[in-house]
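Geometric and topological summary
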Amino acid sequence: MTNPAVLTSLSDIEPLAEYELQLKQIMQLEPTQVSQAEKSQRLLTVLNFLHQHHQQHCQHYQNICVVNQQQQPAASLEALPFLAVRLFKQLELLSIESEQVFKVLQSSGTTSQTAARVFLDKDTSSRQSKTLVNILQRTIGKQRLPMLIIDSPNIVKDPKFSARAAGIQGLAFFGRDHRYALDDNMQPNWPVIEEFVSKYAEQPVLIFGFTFMLWAYFIQVLQQQNKQLNLLQAIVLHSGGWKKLEEQKVDNVTFKAQIKHIIGSTKVHNFYGMAEQVGTIFVECSQGHLHAPLLADVIVRNPYDMSVCDIGQQGIIQVLSALPTSYPGFSLLTEDMGRITTIDTCPCGQKGKTIAIDGRLPQTEVRGCSDTQSGAVT
Ligand SMILES: [Zn+2]
């Protein structure tokens, strides 16, 4: 597709500089200090900038806004237009010239469907990395920790698993001395695990895996073999959905209790994020709530009429991210069901909204995250 305009004139550059400045200011705030009301107001300014920016630079986005009569700046976050996340599978949605594309992220790679494609330029990609660092450092600290990855090293070489590999590579940045805990047959690689455990037993380490893989290929297998790692200071991060665990009647409390028993760690954090909004991930706090980060927000909508749900009411999750300028993905209607669990009242002290994810929207396409295959993850 062709883009309607190129970012050349001064009048375009000035708002962009102002937008970058506002992002910087928001990122420097303390999540324990910023109420939802203040956050919404600050985000509305930057998201309205993105709403205008993408109308100017992405013909598809402009058309959608025209059809829905949503060209004007929105008066609230809830009034901003939102795109169904599956549009990224159906259309090439970008707000830059093709020669500015720095990286293309694919959200899935199963053969039965077209993968979503997300086009990044250097600015958006760099914003995503900085934001991810800002968010994750609050959970895992500033030091890079020795890292055990619950996956097979082959995964990063196989293009079939590009979404999974991208997730691992994104997180690998936060660790050092990386070790893969599984072999090519997805069995625990005991020499590697034992060496890691004996080397780092007395210090903080980082363990990352996709939720179902961590459970099925690691925790359960170690339990069957009566193994315990005693990595008491490990920080365990996991992501990718609960569907398969729910089928096995494993809830978050059970999951954490088993990790404590097998790995030895009590610091277990789920996070919620997607390829269409890399950077602004929702990390689970000590109270088990997924927090919207400073540069993102969440709205839950009634699946029948798209009205905004009340706190505690189940609906479709809409995610807002202040980061993307290279593609119009700042306001997306996901295919996940969930609820707002608290606003400014989480006992952990962080303000803003928290959510719980209840699963996938019924009858949506299988999307290719770690839930979707019986044997392997794409
Ligand atoms: Zn909390």
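First, a word on what this report is: a plain description of the structure on this page.

What counts as what
Residues numbered from 1 in each chain as written. Predicted model: local features only at pLDDT ≥ 70, side-chain atom pairs only at ≥ 80, totals over all residues. Heavy atoms only, no water. Donors = N, O, S within 2.8 Å, 3.2 Å for Na, K, Ca; no water. Tetrahedral: all angles 85-135°; square planar, octahedral: opposite > 155°, others 65-115°. Helix = DSSP H or I, 4+ residues; strand = E, 2+ residues; numbered from the N terminus. Salt bridge = Lys/Arg side-chain N within 4 Å of Asp/Glu carboxyl O. Polar contact = N/O pair within 3.5 Å; in protein donor to acceptor, adjacent residues only side chain to side chain. Contact = heavy atoms within 4.5 Å. Core = buried A, V, L, I, M, F, W, Y, C linked by side-chain atoms within 4.5 Å. Buried < 20%, exposed > 50% of the residue type's maximum accessible area, 1.4 Å probe, protein only. Phe/Tyr/Trp six-rings, centres within 6.5 Å; stacked < 30°, edge-to-face > 60°. Lys NZ or Arg CZ within 6 Å of the ring centre and 35° of its normal.

Surrounding the zinc ion are the protein donor atoms C285 (SG), H291 (NE2), C346 (SG) and C348 (SG), at 2.1 to 2.3 Å. The coordination sphere of the zinc ion comprises four donor atoms, whose angles at the metal cover 100 to 113°; the geometry is tetrahedral. If you list the donors of the zinc ion from N- to C-terminus, the spacing comes out as C-x5-H-x54-C-x1-C. In this pair, C285 is assigned in the loop between β9 (282-284) and β10 (290-291) and C348 in the loop between β13 (331-343) and β14 (353-360), connecting sequence segments 63 residues apart.

With that settled, consider the pattern of salt bridges. Within this structure, the stated rule accounts for twelve salt bridges. Among the ionic pairs, R164 bridges to D151, the shortest N-O distance being 2.6 Å. Of this pair, R164 sits in helix α6 (residues 162-172) while D151 sits in the loop between β4 (145-149) and α6, placing them 13 residues apart in sequence. Where D358 meets R339, a salt bridge forms, and the shortest distance between an N and an O atom there is 2.8 Å. Pair noted here: D358 is in strand β14 and R339 is in strand β13, with a separation of 19 residues, a long-range link.

Next up on the list: the side chain of T354. Tracing the sequence through the fold places T354 in strand β14. Within polar-contact distance, the side chain of T354 engages the side chain of T341 at 2.6 Å. There is a polar contact of 2.6 Å between the side chain of T354 and the side chain of T342. Those residues within four positions of T354 in sequence are excluded, and the remaining contacts are H289, L290, H291, R339, I340, T341, T342 and C346.

In this section: the environment of T280. Residue placement: T280 occurs in the loop between β8 (267-272) and β9. Separated by 153 residues in the primary sequence, T280 and R127 have C-alpha atoms spaced 9.9 Å apart. Within the structure, the side chain of T280 is placed 3.4 Å from the backbone oxygen of Q277, a separation counted as a polar contact. There is a polar contact of 3.2 Å between the side chain of T280 and the side chain of S321.

General note: in soluble globular proteins, nonpolar side chains tend to be found buried as a group. Grouped together as the largest cluster of nonpolar side chains are 54 residues, with contacts concentrated most on L136, I207, F218, L231, F255 and I263. No other element matches helix α8 (residues 211-224), which puts nine residues into this core. The contact partners of I263, leaving out residues within four places of it in the chain, are I207, F218, I219, L229, N230, L231, L232, A234 and V236. Counting 48 residues, the second largest nonpolar core, distinct from the first, contains L43, L44, V118 and F330.

For the rest of this paragraph, the subject is the packing of aromatic side chains. Under the definition given, this model contains ten aromatic pairs. With centroids separated by 5.1 Å and ring planes inclined at 75°, the aromatic side chains of W242 and F255 adopt a geometry described as edge-to-face. With W242 in the loop between β7 (234-239) and α9 (243-247) and F255 in helix α10 (residues 252-262), this residue pair connects regions lying 13 residues apart in the sequence. You'll find W242 and F255 in the same group, each marked buried. By way of ring pairs, the aromatic residues F208, F210 and F271 are connected into one cluster. When the ring centre of F173 is taken as origin, the NZ or CZ atom of R144, which lies over that ring, is 4.2 Å away. The ring of F212 carries K244 above its face, with NZ or CZ at 5.4 Å from the centroid.

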